[in-house]
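Chain residues, written in single-letter form:
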Amino acid sequence: FERKRRKTSEWLDRCDTLVSSFNHSGIQKQDEESFEGTYVLPDLNKETRSKFKVGELESFTILMKRSTLHLTRNPMTTKIRAGQTIVFALMIVILYTRLGDNRTSIQDRNGALFFQALNTVFSAVSNVIVTFPIERAVFLRERANDMYSVGAYFWAKNVIELPFSTIFPVLFVCIFYYTIGLSATFTVFLVNVGITVLLVYAGSGYGLFVASFFSDVEVAVALTPLVLVPFILFAGLFVNTSNIPVFLAPLEYLSLFKYGFIALATNEYENVDLSCEDNAVNACEPLSDLNFDLNVEECAIILAAMTIGYRIFAFIVLKLGSRGR
């Protein structure tokens, strides 16, 4: 122990000698003079960091490539969406095959068209709500480092999703439309496809708006029924539109299901011949019974406006949520 103590004492003496020699050598003074006023720590605030940010177009291109690479490396999400589309289309085929053209077929047609609108909106909204909260957390972290603008990220995401939002609804309608016996007119089929695609666009926009408030997937998923189910009641199938109370009218006008179902049903019944029994007394007038107050064109315009409107609201929420980060 005594030997160890002496060794430590010797090392301390040597260190003191070195420090004393340096202080009296003049080197310290020369170093201080040579560095004085020439080195300033940079202020890494947002203005300084913004000098290193790439342009909007380049950011948009990079984010597009990153999203494409993500989809390529994780094909399971795309496969699940494709499988989901095929399964629900086959369910419609199994339940509504051979609709017929008599009075009893009206209920089945209403059910098939309403299920088409219901499944389309639910799938579009849930696909976004399940995935976007995770992306939102990454987005906020990258925005905190000022890596890109909100606009570059937001529009890159929407553009990369556009092909999938178009292909899957087209596949969905193609599987069941002619199989179950809906109107055989090709233009009616094309309108049906167009309305379904618009429903996906509007539904994904609505889902993006809702999901932009949350970074927790569980919270977003738990709120999905709350932000969707009430609108189903105002679609025009369960409650006649003339019987909806005035104070609930805003929910009716915000219902994606309403505009989708009205457009699909109107497009179908205006172009199909129904041979009802005792036509002179009990004519088949399904559109009169449903009491719709809009036509196909008006519904399409409203859905297109919702597609744009919900995305603008989602952009504003993301912009405000990332402010000061």
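Residues numbered from 1 in each chain as written. Predicted model: local features only at pLDDT ≥ 70, side-chain atom pairs only at ≥ 80, totals over all residues. Heavy atoms only, no water.

Q: An account of the pattern of salt bridges is needed here, citing residue identities and associated values.
A: Proximity of charged atoms lets side chains of opposite charge pair with each other. One pass over the structure, following the stated rule, counts 6 salt bridges. The closest approach of N and O atoms between Arg81 and Glu161, which form a salt bridge, is 3.3 Å. Within this pair, whereas Arg81 is found in helix 5 (residues 76–96), its partner Glu161 is found in helix 7 (residues 150–180), the two being separated by 80 residues in sequence. Looking at Arg81, the relative accessible area reads 16%, which means it is buried. The salt bridge involving Glu135 is made with Lys157; its shortest N-O contact spans 3.2 Å. In this pair, Glu135 is assigned in helix 6 (residues 104–144) and Lys157 in helix 7, connecting sequence segments 22 residues apart. For Glu135, a relative accessible area of 31% gives the class partly exposed. (Salt bridge = Lys/Arg side-chain N within 4 Å of Asp/Glu carboxyl O. Helix = DSSP H or I, 4+ residues; strand = E, 2+ residues; numbered from the N terminus. Buried < 20%, exposed > 50% of the residue type's maximum accessible area, 1.4 Å probe, protein only.)

Q: Explain the layout of surface pockets to me, and be specific about the residues and the numbers.
A: Space inside the largest pocket adds up to approximately 1200 Å³. Taken together, 45 residues form the lining of the largest pocket, with Arg81, Thr131, Glu135, Lys157 and Glu161 sitting closest to its centre. At the level of elements, helix 4 (56–73), helix 5, helix 6, helix 7 and helix 8 (186–211) are the ones that each hand at least two residues to the lining of the largest pocket. By residue class, the composition of the lining of the largest pocket is 22 nonpolar, 16 polar and 7 charged. The calculated volume of the second largest pocket comes to roughly 150 Å³. Lining the second largest pocket are 13 residues, with Ile106, Asn110, Pro286, Asp289 and Leu290 positioned closest to its centre. (1 Å grid on protein atoms, 1.4 Å probe; cavity = no way out; pocket = protein on both sides within 12 Å on 5 of 7 lines; lining within 4 Å. Points joined across faces, edges and corners; volume = space filled by probe spheres on them. Nonpolar A, V, L, I, M, F, W, Y, C, P; charged D, E, K, R; others polar.)

Q: Can you break down unusual backbone geometry residue by residue, with the values?
A: In the Ramachandran plot, Asp146 falls in the positive-phi region, its phi being about 55 degrees despite a non-glycine side chain. Look at Asp146 and you get buried, because its relative accessible area is 8%. One non-glycine residue, Asn291, adopts positive backbone phi at about 60 degrees. Mapped onto the elements of the fold, Asn291 is located in the loop between helix 12 (286–290) and helix 13 (296–321). Classification of Asn291 by relative accessible area gives partly exposed; the value is 33%.

Any link to function would need more than the numbers given here.
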